Amino acid sequence: MSSSCDIHTLLENYSRQITQTEGQIDAIRQSQQQLDQQHALDLQDLHSAKVEAQQADEASATLAAEVHQLQMEINAKQADCSRIKGELADAVQSRTAISHDITNKRRQFISECQELDRQLRLLMEPRHNQDNPMCIAQE
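Residues numbered from 1 in each chain as written. Predicted model: local features only at pLDDT ≥ 70, side-chain atom pairs only at ≥ 80, totals over all residues. Heavy atoms only, no water.

Details of the overall build of the chain
Convention followed: Elements are defined by DSSP. Helices are runs of H or I of four residues or more, strands are runs of E of two residues or more, and each kind is numbered from the N terminus. The rule is simple: take the accessible area with a 1.4 Å probe, protein chains only, and divide by the maximum for that residue type; under 20% is buried, over 50% is exposed, in between is partly exposed. Accessible surface is estimated by sampling points in the Shrake-Rupley manner with a 1.4 Å probe; for residues, cover comes only from the protein chains shown.
The helix and strand inventory of the chain stands at 3 helices and 0 strands. Each helix (α) and strand (β) of the chain, taken in turn from the N terminus, gives the series α-α-α. Among the 139 residues that make up the chain, the fraction classed as buried is 2%. Only carbon and sulfur atoms are counted for the fraction: they give 58% of the accessible area of the chain, which is about 12,700 Å².

In structure tokens form, the structure reads like this:
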């Protein structure tokens, strides 16, 4: 009987080990399921991150193009401003020259008027009137 007890004990031990092993296997399966679920979530997060990165790259490229366009417009406006400044400087210089010319012509006109006035006064003086045949004829 001792061998039958030994077999029985051995069978009980094996049965307990099998139960323990099955429990470990179940725990491993649950861990594997949790890992699989976490992996699936991680893959979803990774996909979302890739989509966001792609959208950010597209937005960045769009902004870079807009910045480039604005820079081109700024450069064109600066060129326009430089051209307008030059034209304005030329206009001011031309206006100054015209103003000086007008001033000189005005002075010349005044001078000529003064000379004509002087000559007219000389002609109006009685001593000149006697010598001037036009004035004698008028009298």
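Some words on the pattern of salt bridges
Quick note on the threshold: Counted as salt bridges are all cases of a side-chain nitrogen of Lys or Arg within 4 Å of a carboxyl oxygen of Asp or Glu.
In this structure the tally under the stated criterion is 6 salt bridges. Close ionic contact of Arg29 with Asp26 constitutes a salt bridge, the shortest N to O distance being 3.7 Å. Of this pair, Arg29 and Asp26 both sit in helix 1 (residues 2-124), 3 residues apart, which is roughly one turn of that helix. On the basis of relative accessibility, which here comes to 41%, the residue Asp26 falls in the partly exposed class.

A look at a nonpolar patch on the surface
Using the following cut-off: Here a patch means residues that are over 30% exposed by relative accessible area and free of salt bridges, tied together within 9 Å if like-charged and within 5 Å if nonpolar (Val, Leu, Ile, Met, Phe, Trp, Tyr).
Where nonpolar side chains cluster on the molecular surface, the patch consists of Ile7, Leu10, Leu11, Tyr14 and Ile18 and spans about 510 Å² of accessible area. Position of Leu11 among the secondary structure elements: in helix 1.

Let's talk about the confidence of the model for the chain
Close inspection of predicted coordinates is inappropriate for parts of the model with low pLDDT. Rules: Known as pLDDT, the predictor's per-residue confidence is scaled from 0 to 100.
Across the chain, the average pLDDT comes to 90, with 90% of residues at or above 70. Ranking the helices and strands of the chain by mean pLDDT puts helix 1 first, with 94, and helix 3 (residues 133-138) last, with 52.

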